[in-house]
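Chains, contacts and geometry: an overview
What follows is each chain in one-letter form.
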Amino acid sequence: MTKRSGAGLLVRGEGLVVSRAGRVILDHVDVVAAPGVVTVVTGASGAGKSTLLWVLAGLIEPDAGTITPTDRFDRAAVVVQTYGLLPVLTAKENVELPLLMRGVPGDEARRRTDAALERAGLPDLNDRLAEELSGGQRQRVAVARALAMQADLLVADEPTAELDAETASLVVTALREEAAAGATVVLSTNDPDLAATFDHVYHLHSGAIDRDL
Ligand SMILES: Nc1ncnc2c1ncn2[C@@H]1O[C@H](COP(=O)(O)OP(=O)(O)O)[C@@H](O)[C@H]1O
Ligand SMILES: [Mg+2]
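Residues numbered from 1 in each chain as written. Chains lettered and ligands numbered in written order. Predicted model: local features only at pLDDT ≥ 70, side-chain atom pairs only at ≥ 80, totals over all residues.

The full set of residues close to ligand 1 is R20, A21, I25, G43, S45, G46, A47, G48, K49, S50 and T51. The biggest single contributor to the shell around ligand 1 is helix 1 (residues 49–57), with three residues. Of the residues in the shell around ligand 1, the class split is three nonpolar, six polar and two charged. (Near = placed C-beta within 6 Å. Helix = DSSP H or I, 4+ residues; strand = E, 2+ residues; numbered from the N terminus. Nonpolar A, V, L, I, M, F, W, Y, C, P; charged D, E, K, R; others polar.)

Shown next, in the form of structure tokens:
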């Protein structure tokens, strides 16, 4: 999963149900995410966006319904809402380490890391520890880490939530470029204005796709 395969990855979920603590939090959701397209999941806080993105990325299995392909987790890079950085590593190390662990040669890992951090708008902060960065800076390191993986499937959970308009636009541009390069990109946002700038949008409402919109 260290390089985009070029074959593309079509993710298709049908009748997805997830229940937690006796509550249905995804209620028979049908969803398709195609290569070359940014698929957006939007809805209010608590609507089920993160849960749907985790299912799409293969981080959790649905309690009912089907989702294919089954190897999507191995081909995915995920930006989780809580960033998931290692606090005592630098920004750069957080991006580079997953590449090295997947066998990317050192030179290439460094090149991809530098390029991804630049695309995420993080000049000059590469040698700072993650724990010293602001929320917005951490969020961009998490985005850079996903970009550097050049995965077939890039799933980003509210990747602009902590960002000002200018840096949010950098991140959105980078995600659009990943789709244009052939990746299957899924992003969630609770910002209706941002969602409205995309063509392929799912509106989630209380765990179900809102069909009235
Ligand atoms: N592990 C869990 N146990 C119980 N409830 C959960 C769990 N995960 C999510 N939920 C509930 O499911 C709903 C959807 O959560 P989530 O997918 O995080 O929504 P969103 O990302 O749109 O804010 C919320 O009401 C949340 O409290
Ligand atoms: Mg969420």
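Here the focus is the nonpolar core. Grouped together as the largest cluster of nonpolar side chains are 61 residues, with contacts concentrated most on L56, V143, A144, A146, L154, V155 and L175. Per-element accounting of this core gives the leading share, eight residues, to helix 4 (residues 135–149). Setting aside anything within four residues of it in sequence, one finds A146 in contact with A77, V78, V79, L154 and A156. (Core = buried A, V, L, I, M, F, W, Y, C linked by C-beta atoms within 7 Å. Buried ≥ 20, exposed ≤ 12 C-beta atoms within 10 Å, placed from the backbone. Contact = placed C-beta atoms within 7 Å.)

This part takes up the sheet that holds strand 3 (residues 38–42). Here we have six strands laid out as an open sheet, ordered 5-6-7-3-8-9, and mixed in their pairing. Of all the strands in the sheet, the pair left with one neighbour each is strand 5 (76–79) and strand 9 (208–209). Note: strand 5 against strand 6 (residues 153–157), four bridges, orientation parallel. Note that in strand 6 the partner of A77 across the bridge is L154. Packing of helix 4 onto the sheet brings it into contact with strand 5 and strand 6, and relative to strand 5 it is tilted by some 170 degrees. Relative to strand 7 (residues 184–189), helix 5 (residues 165–180) is tilted by about 155 degrees, and along the sheet it contacts strand 3, strand 6 and strand 7. (Pairing = 2+ DSSP bridges. Axes fitted to C-alpha atoms, helices over the stretch in contact; angles between N-to-C directions.)

What follows concerns the sheet that holds strand 1 (residues 11–20). Hydrogen bonding along the main chain pairs the strands of a sheet, whether they run parallel or antiparallel. Across the sheet, three strands lie side by side as 2-1-4; this open sheet has antiparallel pairing. Of all the strands in the sheet, just strand 2 (23–33) and strand 4 (64–68) have a single pairing partner and so form its edges. Neighbour-to-neighbour, the strand axes of this sheet turn through a mean angle of 25 degrees, independent of strand direction. Note that strand 1 and strand 2 share eight bridges and pair antiparallel.

With seven of nine residues buried, helix 1 is to be regarded as a mostly interior element. Within helix 1, the full set of buried residues consists of K49, T51, L52, L53, V55, L56 and A57.

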